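Residue-level structural notes
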Amino acid sequence: MSGYEIKKVFVTGGAGFIGSNFVRHLLEIRSEVNLINYDALTYAGNLESTADLTDHPRYTFVHGDICDGEKVAGLLKDHKIDTIIHFAAESHVDRSILSGAEFVRTNVGGTQSLLEAALKCGVSRFVQVSTDEVYGSLGETGQFTESTPLAPNSPYSASKAGADLLARSYYHTFGLPVVTTRCSNNYGPYQFPEKLIPLMIIKAMRDERLPVYGDGMNVRDWIHVLDHCDAVLAAAEMGLPGEIYNIGSSNEWPNIEIVKRLLHHVGKPESLVQYVKDRPGHDRRYAIDSTKSRRELGWAPKVNFDQGLAETVQWYLDNTTWWENVMSEETQNYSEQ
Ligand code: NAD
Ligand code: TDX
């Protein structure tokens, strides 16, 4: 299949979990691509996640905020950027419950500022990386499709839905070639240890209690981060402007099952599980129908979950220095809250 050719790429949030995996993967599989990684290095952004790329000849890191439209526009012009892949966001639901302001600033305001700069500089592709959480929560059956109405339930998902709608409006009003992807829960290396999988691995390693919210029967649909990265690239190259593409692996699990599997991998007893007060507004179930992406982007997930999960646990066991360094004082303060 041939489609749009990306050459000079501006990745936002490339020091975060998915962004750092994407940047490494893209440089590996597209030998013509030059890439700028633009990241504000919040608590979730860490240059240690891309340390192996520092001297790469086609890679440049620029420290900056997506809300700084002038700085972004200057970079887009100077580097003749043709493609923006927009990962940068505040991404943690629990933090958005503690305080939503930063979520609106970055996810809504930052996305608008980036769209404006993209329009001013005439970029040829803008990929808005979004989430299945914008669709809200499912009952015991059914799946989200691209036409499921938006019904976000947390300040995080509401701010992502706001960003998606702004991206949509820049396509419809100004003709900016925006492609939107909505993916389910990612797992894999370099995920910040506030999210379920890395948090539980690290707590198990330290013989700490594993806090499972509510009855542990909330369901998430898990996909390996590299499968998500492949889908984002496919959306940039093969996606049609104005379209939305759902991304998922058809891999649903109740949280408690995931936690038990992780304990088994780390070799720790299930007695470490501690059921705690539920997350307010906790979405019960996510499940995503990715038929359209598979049919129209020529994409399919490749990573087997058993293997991917085992490798992820091993990665955290092998990379204690990475997670000890990224878990700053701020993270310790946050987890106490
Ligand atoms: P992350 O929190 O690990 O990384 C976010 C990155 O964005 C960090 O490097 C941070 O420094 C940077 N950033 C934050 N605010 C910024 C700003 N104002 N300017 C510039 N950079 C800023 O997040 P992630 O899990 O890698 O998620 C990346 C994207 O994918 C997000 O848009 C998220 O909504 C979406 N997504 C995530 C998942 C998931 O399971 N993690 C699933 C679907 C979609
Ligand atoms: O300590 C915990 N205990 C627990 O039971 C944590 C951190 C989570 N959970 C539960 C809540 C969720 O049902 O595990 C599930 C997964 O939680 P998170 O890892 O916080 O992810 P989630 O809320 O599902 O959102 C994630 O997927 C979609 C990402 O954080 C988002 O950025 C993405 O858009």
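Residues numbered from 1 in each chain as written. Chains lettered and ligands numbered in written order. Predicted model: local features only at pLDDT ≥ 70, side-chain atom pairs only at ≥ 80, totals over all residues. Heavy atoms only, no water.

A look at the pattern of salt bridges
Our working definition: Here, a salt bridge means any side-chain nitrogen of Lys or Arg that lies within 4 Å of a carboxyl oxygen of Asp or Glu. We count a stretch as a helix when DSSP gives it H or I for four or more residues in a row; a strand needs E for two or more, and each element gets its number in order from the N terminus. When a residue's accessible area, from a 1.4 Å probe over protein chains only, is under 20% of the maximum for its type it is buried; when over 50% it is exposed; and in between it is partly exposed.
According to the stated counting rule, one finds 16 salt bridges in the structure shown. Residue aspartate 207 pairs with lysine 268 through a salt bridge whose shortest N-O separation is 3.1 Å. Here aspartate 207 is found in the loop between helix H6 (196-205) and strand E8 (210-213), whereas its partner lysine 268 is found in the loop between helix H8 (255-266) and strand E12 (273-276), with 61 residues between them in sequence. Residues glutamate 252 and arginine 285 are paired through a salt bridge, measuring 2.8 Å at the closest nitrogen-oxygen approach. In this pair, glutamate 252 sits in strand E11 (residues 252-254) while arginine 285 sits in the loop between E12 and helix H9 (291-296), placing the two residues 33 residues apart along the sequence. Overall, the relative accessible area of 8% leaves arginine 285 in the buried class.

A word on the pairing of strand E1 (residues 8-12)
In plain terms, the rule: DSSP-based pairing: two strands are paired if at least 2 bridges between them are found. Orient the strands so they point away from the viewer; a crossover is then right-handed if the path from the first strand over the helix to the second runs clockwise.
Of all 5 residues in E1, 4 are buried; the element is thus mostly enclosed. Bridge analysis of E1 against strand E2 (residues 34-39) gives 5 bridges, and the strand direction is parallel. Each bridged residue has a counterpart across the sheet, and for phenylalanine 10 the counterpart in E2 is isoleucine 36. What joins E1 to E2 is helix H1 (residues 17-29), and the crossover it makes is right-handed. Alignment of E1 against strand E4 (residues 83-86), held across 4 bridges, turns out to be parallel. Bridge pairing in E4 places valine 11 opposite isoleucine 85.

Examining unusual backbone geometry
One non-glycine residue, leucine 41, lies in the positive phi region at around 55°. According to the relative accessible area criterion, leucine 41 is partly exposed, its value standing at 28%. Despite not being glycine, serine 250 shows a phi value in the positive range, around 50°. By secondary structure assignment, the location of serine 250 is in the loop between strand E10 (244-247) and E11. By relative accessible area, which is 52% here, serine 250 ends up exposed.

Description of the sheet that holds strand E5 (residues 125-131)
Strand pairing in a sheet relies on backbone hydrogen bonds. The paired strands run either parallel or antiparallel. Rules: Between N-to-C directions, angles span 0 to 180 degrees; the directions come from axes that are lines fitted to C-alpha atoms, helices contributing only their stretch in contact. Should any heavy atoms of two residues lie within 4.5 Å, those residues are counted as being in contact.
Pairing is parallel in the open sheet, where 7 strands are placed in the order E3-E2-E1-E4-E5-E6-E10. Each edge of the open sheet is held by one strand with a lone partner, namely strand E3 (59-63) and E10. Ignoring which end each strand starts from, the neighbouring axes of this sheet average 20° apart. Seen against the sheet, helix H5 (residues 155-174) touches E5 and strand E6 (178-183) and runs at an angle of roughly 155° to E5.

What about the site of ligand 1?
Put simply, the rule reads: A cutoff of 4 Å decides nearness: a residue is near a molecule or strand if any of its heavy atoms lies inside that distance of it. Each polar contact in these results corresponds to two N or O atoms within 3.5 Å; when the atoms are within protein, one needs to be able to donate a hydrogen and the other to accept it, and residues that are neighboring in sequence are counted only if both atoms are side-chain atoms. Here the accessible surface of atoms and residues is derived via Shrake-Rupley with a 1.4 Å probe, and residues count as covered only by protein chains that are part of the display.
Lining the immediate surroundings of ligand 1 are 29 residues, of which Ile18, Asp39, Ser91, Tyr156 and Lys160 lie closest. In the environment of ligand 1, a nitrogen atom lies 2.9 Å from a nitrogen or oxygen atom belonging to the side chain of aspartate 65. A distance of 2.7 Å is found between an oxygen atom of ligand 1 and a side-chain nitrogen or oxygen belonging to serine 91. Bound to the protein, ligand 1 loses 96% of the 840 Å² it would expose on its own.

Overview of the site of ligand 2
If you check the shell around ligand 2, you find 22 residues, and the closest are Glu133, Tyr156, Arg220, Arg279 and His282. Serine 91 places a polar main-chain atom, nitrogen or oxygen, 2.8 Å from an oxygen atom of ligand 2. Side-chain polar atom of arginine 220 to an oxygen atom of ligand 2: 2.8 Å apart, as the coordinates give it. Summarising the interface, the protein chains cover 94% of the accessible area of ligand 2, which totals 660 Å² for the free molecule.

Here we look at the side chain of arginine 279
Following the sequence through the fold, arginine 279 ends up in the loop between E12 and H9. The exposure class assigned to arginine 279 is buried, which follows from its relative accessible area of 17%. Not counting chain neighbours up to four residues away, the residues in contact with arginine 279 comprise His92, Val93, Asp94, Ile97, Tyr213 and Arg220.

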